[in-house]
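Now for the letters of each chain:
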Amino acid sequence: MTVRLPLAIIQLETPPQAVSTLVGEQKQWFVDALNLSVEDYIVVRPDLGEPLPALETISAAILSGSWAMVTDHAEWSERTAAWVRHAVAEQLPLLGVCYGHQLMSYALGGEVGDNPNGWERGLTALEARAESHHDPLLASLPTQFSAWLSHRQSVLTPPPGAQVLAASAQDGCQIIRYSAQALSVQFHPEFTAEIMTACLKNSLKDTEIDHLVPARAEPEWPRQLLRDFWQQGLPVAKRA
C-alpha cells in the first residue's frame, strides 16, 4: 500500500503574544489554509532546538514567516539555512514564505537586508513577470494580483541563477524560483484578513489599519498557490 509522506511545516519562532492570542501561530495558519488533517503534516521548531527533518521522511516543506530578522544570524536560522541548501541539492519540494523566502535566498547565495523602501504591509498589488506564465506552479498566475504582506527586510539581490517572477512597487523580489522544486514568496499566501489585522494591531492604531485591510478583501490566487504547491508534493510516498 502507498502511504503519503507528510508535509513539514518549519515554524520559525512564534508571533508576539498579542497576535497569537487573537489568531494563533504560523503552523495553524498553514494547516487551516490547506485544510490539512493531522496525518498530513508535521511541525518542526528549529528555534526550540528541534532537528530539521530527514528528507526521506517528508514529501515537501514550507518555511514560515517570522518576527525575527535573517540578518541577526541566529543559530537556529543558520542551521535551517544549511538544511535548505541540502534540501535544494536533494530536490525536495520547498516553499519559503516571508522570512522563509528571505532565508532561502540567503542560504543559496543572495543578499537580504532592510528594505530601502520601508515596511511593506497590508493588501498590496503585485505584478507577475512574463516568465511566470511558463512556470509549472504559476501557470494560472494573473499578471496583476493582490496579496497580504508584512515585512521590513527583503531580498535585495537574488542568488546567482535564481529567477525573479513577480514584484511590487516596494519590493522587486516577490516570487523567486531557485530550482524545479524550490520556490519562495515574500507575501503571505496563508494569511486571511483576520490574521493580517491581528498582525497590524500589534504595531498600528485601528484608524491606520483600515486602508491596509479593505473590507471583504480575501485574495484567492495566493491561497491557490499554496494548495498547488502541496498537491505537487503528494506523489512523494513510501511503501508500507
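Residues numbered from 1 in each chain as written. Predicted model: local features only at pLDDT ≥ 70, side-chain atom pairs only at ≥ 80, totals over all residues. Heavy atoms only, no water.

Under an unreviewed UniProt entry, the name given to the protein chain is GMP synthase, and the source organism is Erwinia rhapontici.

## What about the layout of surface pockets?
Filter applied, for reference: In the cavity and pocket records, a cavity denotes points on a 1 Å grid over the protein atoms alone where a 1.4 Å probe fits but cannot get out, a pocket denotes an open set with protein on both sides within 12 Å along at least 5 of 7 lines, and lining residues are residues with an atom within 4 Å of a point. Grid points are joined across faces, edges and corners, and a volume is the space filled by probe spheres set on the points. What counts as a helix is a DSSP run of H or I of at least four residues, what counts as a strand is a run of E of at least two, and both are numbered from the N terminus.
The calculated volume of the largest pocket comes to roughly 370 Å³. Looking at the largest pocket, it is lined by 22 residues, and the ones nearest its centre are Ser66, Trp67, Trp119, Ser150 and His151. Looking at the lining of the largest pocket, the elements with two or more residues in it are helix H2 (26-34), helix H4 (99-107), strand E8 (144-151) and helix H5 (193-201).

## Quick notes on the side chain of Asn115
Spelled out, the test is: Partly exposed residues are those whose accessible area sits between 20% and 50% of the maximum for their type, while under 20% is buried and over 50% is exposed, using a 1.4 Å probe and protein chains only. The contact criterion used throughout is that any non-hydrogen atoms of two residues lie within 4.5 Å.
Looking at the element boundaries, Asn115 is found in the loop between strand E6 (111-114) and strand E7 (120-128). Owing to a relative accessible area of 7%, Asn115 belongs among the buried residues under this scheme. If sequence neighbours within four positions are ignored, Asn115 has contacts with His151, Arg152, Gln153, Ser154, Gln170 and Asp171.

## Remarks on the nonpolar core
This is how it is decided: Put simply, a nonpolar core is a bunch of buried Ala, Val, Leu, Ile, Met, Phe, Trp, Tyr and Cys residues held in one set by side-chain atoms that sit within 4.5 Å of each other.
Counting residues in each nonpolar core, the largest one holds 31 residues, and the members touching the most others are Leu7, Ile62, Phe145, Ile175 and Phe187. Ranked by residues supplied to this core, first place goes to helix H7 (residues 221-233) with 5 residues. Contacts of Leu7, omitting those with residues within four sequence positions, involve Leu34, Leu36, Asp40, Tyr41, Ile42, Ser59, Ala60, Ala61, Ile62, Phe229 and Trp230.

## Examining the confidence of the model for the protein chain
Here is the rule we go by: On a range of 0 to 100, pLDDT expresses the predictor's confidence in each residue.
Of all residues in the protein chain, 95% attain a pLDDT of 70 or more, and the chain-wide mean is 92. Taken together, the stretch residues 235-240 has pLDDT below 50 and engages in 16 contacts with residues farther than four places along the chain or on a different chain.

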